Amino acid sequence: MAQDMRAAGWARSLPISSGVKTAREWTRSHLAALGWERTAPDLVDSIVLAVSELVTNAHIHAHTTAQLILTRDEECLHVTVHDASAQLPQQRHACKEALGGRGLFLVDALAHDVAARRCPRGKDVTACFEPPPASAPPDGSSKG
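All values derive from a computational prediction rather than experimental measurement. (Residues numbered from 1 in each chain as written. Predicted model: local features only at pLDDT ≥ 70, side-chain atom pairs only at ≥ 80, totals over all residues. Heavy atoms only, no water.)

Q: How should the side chain of His-82 be read in this particular structure?
A: Mapped onto the secondary structure, His-82 falls in strand β3 (residues 77-83). Take His-82: its relative accessible area is 17%, and that puts it in the buried class. Here the side chain of His-82 touches Arg-121 through a polar contact of 3.3 Å, landing on its backbone oxygen. Other than its neighbours up to four places away in sequence, His-82 contacts Thr-65, Ala-66, Gln-67, Cys-119, Arg-121, Gly-122, Lys-123 and Asp-124. (Helix = DSSP H or I, 4+ residues; strand = E, 2+ residues; numbered from the N terminus. Buried < 20%, exposed > 50% of the residue type's maximum accessible area, 1.4 Å probe, protein only. Polar contact = N/O pair within 3.5 Å; in protein donor to acceptor, adjacent residues only side chain to side chain. Contact = heavy atoms within 4.5 Å.)

Here you go:
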């Protein structure tokens with residue numbers, strides 16, 4: 001018997017002029033609505049940093065509007081940034097003095113999984129974050 005999959009999603013278009021601050025604030029507000037700021041503040045910070053890096057990459061390297069899509073299912077919060085360039089991102093080896101070049105390295109370190117794929121009108125870069133563990137029952141017992 002097939003199980004029902006529950007999923008929720010949000011999307012936002014981010015022109016270059018809007019900056020990444022808008023992306024961070026928008027993402028943080030959705031994570032707060034899920035209750036994650038209270039239950040997993042470090043995870044929220046990791047997700048917001050990943051969003052910042054992915055949107056920055058779309059704006060700087062693709063020179064296009066970024067489409068930020070957050071989808072949540074039972075296994076993962078998928079953070080996808082779409083841009084109009086078909087060129088897949090590549091990690092660079094930044095020297096110590098470089099101010100940039102570490103974005104994909106950071107996203108890869110923060111997320112449980114990262115994938116990039118070409119699509120008909122550009123590319124999608126998706127980072128997956130496992131949700132915080134369900135909180136224990138109020139009496140402290142756990143099912144086993």
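Q: Before we go on, may I ask you to explain the sheet that holds β3 in this structure?
A: Hydrogen bonding along the main chain pairs the strands of a sheet, whether they run parallel or antiparallel. Strands sit in the order β1-β2-β3-β5-β4 across an open sheet of 5 strands; the sheet is antiparallel. Every interior strand has two partners, whereas the edge strands, β1 (8-14) and β4 (113-119), have only one. Looking at each pair of strands side by side, their axes are set apart by 15° on average, direction ignored. Bridge count between β1 and strand β2 (residues 66-72): 7 bridges; the pairing is antiparallel. For Arg-12, the partnering residue across the bridge sits in β2 and is Leu-68. (Pairing = 2+ DSSP bridges. Axes fitted to C-alpha atoms, helices over the stretch in contact; angles between N-to-C directions.)

Q: Quick question: what am I supposed to make of the packing of helix α3 (residues 41-62) against helix α4 (residues 103-110) here?
A: Geometry of a packed helix pair, given as the angle between the helix axes and the separation of the axes. The contact between α3 and α4 brings their axes to 9 Å, and the two run at 150°. What the angle tells us is that α3 and α4 run roughly antiparallel. Of the two possible hands of crossing, α3 and α4 adopt the one that is left-handed. Judged by residue contacts, Ser-46, Leu-49, Ala-50, Glu-53, Leu-54 and Asn-57 of α3 engage Gly-103, Leu-104, Leu-106, Val-107 and Leu-110 from α4. Of the residues belonging to the contact of α3 with α4, the class tally is 7 nonpolar, 3 polar and 1 charged. (Parallel < 35°, antiparallel > 145°, perpendicular 65-115°, else oblique. Left-handed = near helix turned anticlockwise from the far one by under 90°. Nonpolar A, V, L, I, M, F, W, Y, C, P; charged D, E, K, R; others polar.)

Q: Which parts of the structure should I look at to understand the confidence of the model for the chain?
A: On average, the chain scores 86 in pLDDT, and the residues at 70 or more come to 80%. A low-confidence stretch, residues 136-144 stays under pLDDT 50, and its non-local contacts, those more than four residues away or across chains, total 0 contacts. (pLDDT = per-residue confidence, 0-100.)

Q: Help me out: how do you make sense of unusual backbone geometry in this one?
A: Note on backbone geometry: most residues besides glycine have negative phi, and most peptide bonds are trans. A positive phi angle is found at His-63, which is not glycine, with a value near 60°. You can see His-63 is positioned in the loop between α3 and β2. Given a relative accessible area of 60%, His-63 falls into the exposed group.

Q: Just checking my understanding: could you explain the nonpolar core for this structure?
A: Proteins that are soluble and globular tend to have nonpolar side chains buried together. Among the nonpolar cores identified, the biggest contains 28 residues, and Ile-47, Leu-54, Val-55, Leu-68, Val-79 and Phe-129 are the most heavily contacted of them. Every element with two or more residues in this core is listed here: α1 (19-33), α3, β2, β3, α4 and β5 (122-129). Among the elements that line this core, the one with the most residues is α3, at 9 residues. The contact partners of Val-79, leaving out residues within four places of it in the chain, are Ile-47, Val-51, Leu-54, Leu-68, Ile-69, Leu-70, Val-125, Thr-126, Ala-127 and Phe-129. (Core = buried A, V, L, I, M, F, W, Y, C linked by side-chain atoms within 4.5 Å.)

Q: Just to check I follow, could you spell out the pairing of β5 for this structure?
A: Here β5 lies mainly inside the structure; 8 of its 8 residues are buried. As judged from the 7 bridges shared by β4 and β5, these two strands associate in the antiparallel manner. Of the residues in β5, the one forming a bridge with Val-114 is Ala-127. Hairpin geometry of β4 and β5 is characterised by an intervening segment of 2 residues between the two adjacent antiparallel strands.

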